[in-house]
Amino acid sequence: MFYREAGDFKTSYRDDNQTFPIRLDRMGYYILMFVAFLVVPFFINDYWVNAVFVPFLIYAIAALGLNILTGYAGQVSLGTGGFMAVGAYACYKLMTGFPEVSIVIHILLAGGITAVVGVAFGLPSLRIKGFYLAVATLAAQFFLVWLFNKVPWFYNYSASGQITAPERSVFGVMVTGPNTEAWAKYMICLVFVVALAWVARNLTRGMMGRKWMGIRDMDIAAEIIGVNPLMAKMSAFAVSSFFVGIAGALFFSVYLGAAEASEAFGINKSFLILFMVIIGGLGSIFGSFAGAAFMVLMPVFLKNVLVGGLGWPTDLAAHFEFMIVGGLIVLFLIVEPHGLAQLWRLTKEKLRLWPFPH
Amino acid sequence: MTMTTDMSADSYVTADGRTIGGVVMDLKNITLRFGGVVAIKDISFDIREGEIRAIIGPNGAGKSSMLNVISGFYKPQEGEVWFRGSKRPPMRPYQVARQGLARTFQNIALFDGMSVLDNIMTGRLNHMKANIFQQAIWKGKAEREEIANREICEKVIDFLEIQHIRKTPVGRLPYGLKKRVELARALAAQPSLLLLDEPMAGMNVEEKEDMSRFILDMNDEFGTTIALIEHDMGVVMDLSDRVVVMDYGKKIGDGTPDEVRNNQDVIDAYLGVAHD
C-alpha cells in the first residue's frame, strides 16, 4: 500500500536513472546509512564486531568483487582466495616498508597490485570459457598461496612464516594491531564497504557494466556492436581483483591481525565467496550483501541457538551447523536458483501491488 | 520505385524524391573460402549513400556470408573492401563497428539479461568516451554522457514505438518485439551503414508491414544507408532501390528491382532450369 511508485513522477532522465527509484526504498537506504554510521558504533562490542560485523563487511567487499567478474562479466573464477592473499601480502609489505604512509593508501595500493595480478591471471579468459576458465583460475589460487609460503621475502623472513599487522592509525585512531577498539575496526570496514559499493553500482549501471553484461550474455554480438572483448574482460578482472584485494588487505590487517597464506586464504575462501555470490544472486549488488550476510550470519545464528538455546555440546553443534548450512544452501538453490536478490525482487513486485493485486 | 536516372553519376534523385549520394561501401572481387568450400566467388558491388540495397538469393547462396564479410566477422581470402573512400585494412569486428557500421542478426542476438533500454544503450557505446575512473565516480562526465545518450535512445524508442517495454528484461519479450529492439539497438548507433540480416524472418503479415514501414521511415527521416537480406520477394521489390542477386556464391544479377525481375539468370535461379 505504501510501497509503490504511483505519484512519484520522474521528470528527468537523471531521476529515472537513480539507484532507488521508489521513495520508500530511498528512505530505507538513508535510515540504514544513519544507523550504520551513527548508531551502531556506539553500541557495538568486541563479540559483535569480530563474529558478525567485520567479517560481514569484508566478505561483502569480496563478494562484490567476485560478482562483478562472475555475475556481471560472466567469467567464472575460483581464485578469489589467492587474490585476497595478494591483497593481504601487498598490504603487509607496504605497511612494513613504508610505515609513515597512511594505512588507507596502503589498502588502496594493495587493491591496485591485486588488480594487476588479476589481469595477468585473467589473460587465459580470452581463449577459454566456463569450466575451463574456472580451472585456470584455480591454478592461480594454488600458485599464489604456494608462492607466499615459499618465498620468505613476502613474510619478511619471520620465523613463524606468518605476517603480523603492525599498529597503524587513521586520524589518530588505532585501526590495526591488538589494541584496536571494536568501533574503529567496524568504522574503517564500513567506510570501505560504502565507498566500494557505490563504485560498483556506478560501474555496473553505466557503459562499463553494459559492456560486461554484453560479453556475458552473448560475446559475439557484443563484439560486433563494438565491444572490445580484450578490454571488457581485462577491465572486469582488474576491477574485480581490486575489490578482492582490498577485502584481503582488510581481512588480514583489521580482522585477523596475523595470517598465514594457506590457512587464511586457502581454496575454502574461494568457494565460500563463490557460494555467497551464487546464493545472494549473480549480477546484483544487493545480492552480494545478502549472500555475505547469509554465509556469515547463519553459522553464528545456529551456534547461538544450538549451544546457547538448546544447550548442546559445542563439538556436536559445530558439526550440525555444517549440515544445516549445507542443507539450506541446497534448498535455496532449488527453490530460487537466482538467489536471494531474486527473492527480494519478487517480494518488491508483490508489495507494489499489495493489497490489490488486480 | 523505378529509376530512370543515370546511376553512374555521383548523386541522383529517385522517383520519390530522395537523394542518393556517392558510394559508401565498395566491395571489389570478394572471394571467401571455408577450406574447400567456396562461399563467395569473385563478387563486386557497391552501396551508395542513402539507398536501400537488398541482397537476395536462394538458400545457401552466400548472402549471410557476404554480410559477415562486410561487418568484418569473416575475412575474405581475396578482394578488397573500400569504406568511405579508403581501403579497409584487416580489422576485428569491434573496430569495424567503430567506423560506423551496425547490424542486426538473422537469429536475434540481444543481451537477454539486460532491459530493453540497456540493450539499446549498448548501441551508443562507440559514442561514449568517459573512462573507467570517470564512470566509477559517475558524477560529472559519465552522468552527463549517460543522459545525453539516453535522449538519443529515447528518440529511437519513440520512433520504433516500444516505449511501453522500455524497462522490461529482453528475455521476456515475444519474437516480433525482440526483432524491433534489435533494430533499435542498431539504429541507436546512428550508423553510416546499417546491415539487416533477414529483418522479417518469421513474422506475420502485420509485423512485416510494420517492419517495412520502419525501414522506409528510417531511410527517409534519418537518411540511413541500409543493406538488407530478405527472402520475401514482395517486400524486397517494394523497399529497395537496387538489388544484388546471388546464387551458389556468384553474383547473377544487379540493378533496380525491375531490371532484376526480368533478368533471365535470376528467373532460372529461383524457378529452376531444365538441364539436358
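Another point: the overall build of chain A. When helices and strands are counted, chain A shows 15 helices and 4 strands. The buried share among the 358 residues of chain A stands at 44%. Taking all contacts inside chain A whose residues are at least 6 apart in sequence as the whole, residues at least 24 apart take part in 75%.

As a measure of interface size, the accessible area lost when the parts come together is often cited. Listed by partner, the interface residues are 32 residues for chain B and 25 residues for chain A. Counting only elements with at least two residues in the side of chain B that touches chain A, the list comes to α2 (93–98), β8 (101–103), α3 (116–122), α4 (132–137) and α5 (141–159) of chain B. With 5 residues, the top contributor of residues to the side of chain B that touches chain A is α5 of chain B.

Right, let's talk about the nonpolar core for a bit. Counting residues in hydrophobic clusters, the biggest one holds 171 residues, and the most contacted among them are Ile58, Ile61, Ala62, Ala88, Phe243, Ile246 and Leu250 of chain A. The element that contributes the greatest number of residues to this core is helix α10 (residues 229–256) of chain A, accounting for 16 residues. A domain-level breakdown of this core finds at least three residues from each of domain 1 (1–100 + 192–276) and domain 2 (110–190) of chain B. Not counting residues up to four positions away in its chain, the partners in contact with Leu250 of chain A are Ile58, Ile107, Cys189, Phe192 and Tyr255 of chain A.

To continue, consider the packing of helix α5 (residues 103–122) of chain A against α10 of chain A. Residue and element names in this part refer to chain A. Taken N-terminus to C-terminus, the directions of α5 and α10 make an angle of 135 degrees; their axes are 6 Å apart at the nearest point. Put simply, α5 runs oblique to α10. You can see that α5 and α10 cross each other, and the crossing is right-handed. For the contact of α5 with α10, the per-class residue count stands at 15 nonpolar, 10 polar and 1 charged.

Residues and elements named next belong to chain B. With antiparallel pairing, the 4 strands of this open sheet are ordered in space as β4-β3-β6-β7. Among the strands making up the open sheet, the edge pair consists of β4 (37–48) and β7 (86–87). Judged from the 8 bridges that link them, strand β3 (residues 23–34) and β4 form a sheet pairing that is antiparallel. Each bridged residue has a counterpart across the sheet, and for Leu32 the counterpart in β4 is Ile40.

What follows is about unusual backbone geometry. Most of the time, phi is negative for any residue but glycine, and the peptide bond is trans. Residue and element names in this part refer to chain B. In this structure, Asn29 is a non-glycine residue whose phi angle is positive, near 50 degrees. According to the C-beta neighbour criterion, Asn29 is exposed, with 12 such atoms within 10 Å. Phi at Trp138 takes a positive value of approximately 70 degrees, unusual for a residue other than glycine. Looking at where Trp138 falls in the secondary structure, it is placed in the loop between α4 and α5. We classify Trp138 as partly exposed; it has 19 C-beta atoms within 10 Å.

What follows concerns α5 of chain B. With 19 residues, α5 of chain B should reach 27 Å at 1.5 Å per residue; the first-to-last C-alpha distance of 27 Å fits that figure. Along α5 of chain B, the residues classified as buried are Ala142, Glu146, Asn149, Arg150, Cys153, Val156 and Ile157 of chain B. Buried residues in α5 of chain B, looked at end-on, bunch into an arc of 125 degrees, giving them a common side. The outward face of α5 of chain B, more than 90 degrees from its buried face, is lined by the exposed residues Glu151 and Asp158 of chain B. The inward-facing, buried residues of α5 of chain B contact α1 (13–16) of chain A together with α3, α4 and α6 (175–188) of chain B. Immediately downstream of α5 of chain B, the backbone of Glu161 of chain B shows phi near 55 degrees, a positive value.

Our focus in this paragraph is the domain arrangement of chain B. Residues and elements named next belong to chain B. Each assigned domain of chain B is listed here: domain 1 (1–100 + 192–276) and domain 2 (110–190). Computed over C-alpha atoms, the centres of domain 1 and domain 2 are 27 Å apart. Facing 9 residues of domain 1, the contacting portion of domain 2 comprises 8 residues. Of all the secondary-structure elements, those providing two or more residues to the side of domain 1 that touches domain 2 are α2 and α7 (205–222). In the side of domain 1 that touches domain 2, the residues fall into 6 nonpolar, 1 polar and 2 charged.

Our focus in this paragraph is the sheet that holds strand β10 (residues 226–229) of chain B. All names here are of chain B. The mixed open sheet is built from 6 strands, whose spatial order is β8-β9-β10-β5-β11-β12. The open sheet terminates on both sides in strands that have one partner only, identified here as β8 and β12 (250–255). Each strand axis lies, on average, 15 degrees off the axis of its neighbour in the sheet, ignoring direction. Bridge analysis of strand β11 (residues 242–247) against β12 gives 5 bridges, and the strand direction is antiparallel. Paired with Val245 across the two strands is Gly253, which belongs to β12. Contacts from helix α10 (residues 264–271) reach β11 and β12 within the one sheet, and its direction differs from that of β12 by about 125 degrees.

All names here are of chain A. Relative to the 20 Å expected for 14 residues at 1.5 Å per residue, helix α12 (residues 267–280) spans 20 Å between its end C-alpha atoms, a close match to the ideal helical length. Along α12, the residues classified as buried are Lys269, Ser270, Ile273, Leu274, Met276, Val277, Ile278, Ile279 and Gly280. Lining the buried residues of α12 we find α3 (46–72), α4 (80–97), α6 (130–150), α13 (285–309), α14 (314–335) and α15 (339–353). One or two residues past the end of α12 sits Gly281, with phi positive at roughly 130 degrees.

On to the environment of Ala115 of chain A. Residue and element names in this part refer to chain A. Position of Ala115 relative to the elements: it lies in helix α5. Measuring from C-alpha to C-alpha, the distance between Ala115 and Tyr255 comes to 22 Å, with 140 residues separating the pair along the chain. Setting aside anything within four residues of it in sequence, one finds Ala115 in contact with Ala238, Ser241, Phe242 and Gly245.

Let us now look at the environment of Gly249 of chain B. By the element assignment, Gly249 of chain B lies in the loop between β11 and β12. Note: C-alpha distance between Gly249 of chain B and Lys139 of chain B (110 residues apart in sequence) is 53 Å.

Attention shifts here to the pairing of β10 of chain B. All names here are of chain B. Because side chains alternate across β10, one face comprises the buried residues Ile226 and Leu228, and the other comprises Ala227 and Ile229, equally buried. Judged from the 4 bridges that link them, strand β5 (residues 52–56) and β10 form a sheet pairing that is parallel. Its bridge partner being in β10, Ile55 is matched across the sheet by Ile229. Judged from the 4 bridges that link them, strand β9 (residues 193–197) and β10 form a sheet pairing that is parallel. From the neighbouring strand, Leu196 faces β10, where its bridge partner is Leu228. The parallel pair β9 and β10, bridged by α7, forms a crossover whose chirality is right-handed.

Attention now moves to the confidence of the model for chain B. Residues and elements named next belong to chain B. Here chain B shows a mean pLDDT of 88. Residues at 70 or above account for 96%. Counted against residues more than four places away or in other chains, residues 1–7, with its pLDDT under 50, gives 15 contacts. Here the predicted complex scores 0.90 on pTM and 0.88 on ipTM.

Rules used in this analysis
- Residues numbered from 1 in each chain as written.
- Chains lettered and ligands numbered in written order.
- Predicted model: local features only at pLDDT ≥ 70, side-chain atom pairs only at ≥ 80, totals over all residues.
- Helix = DSSP H or I, 4+ residues; strand = E, 2+ residues; numbered from the N terminus.
- Buried ≥ 20, exposed ≤ 12 C-beta atoms within 10 Å, placed from the backbone.
- Contact = placed C-beta atoms within 7 Å.
- Core = buried A, V, L, I, M, F, W, Y, C linked by C-beta atoms within 7 Å.
- Domains from an automatic or database assignment.
- Axes fitted to C-alpha atoms, helices over the stretch in contact; angles between N-to-C directions.
- Parallel < 35°, antiparallel > 145°, perpendicular 65-115°, else oblique.
- Left-handed = near helix turned anticlockwise from the far one by under 90°.
- Nonpolar A, V, L, I, M, F, W, Y, C, P; charged D, E, K, R; others polar.
- Pairing = 2+ DSSP bridges.
- Expected span 1.5 Å × (residues − 1).
- Arc of directions from axis to C-beta.
- Right-handed = clockwise from strand over helix to strand, strands pointing away.
- pLDDT = per-residue confidence, 0-100.

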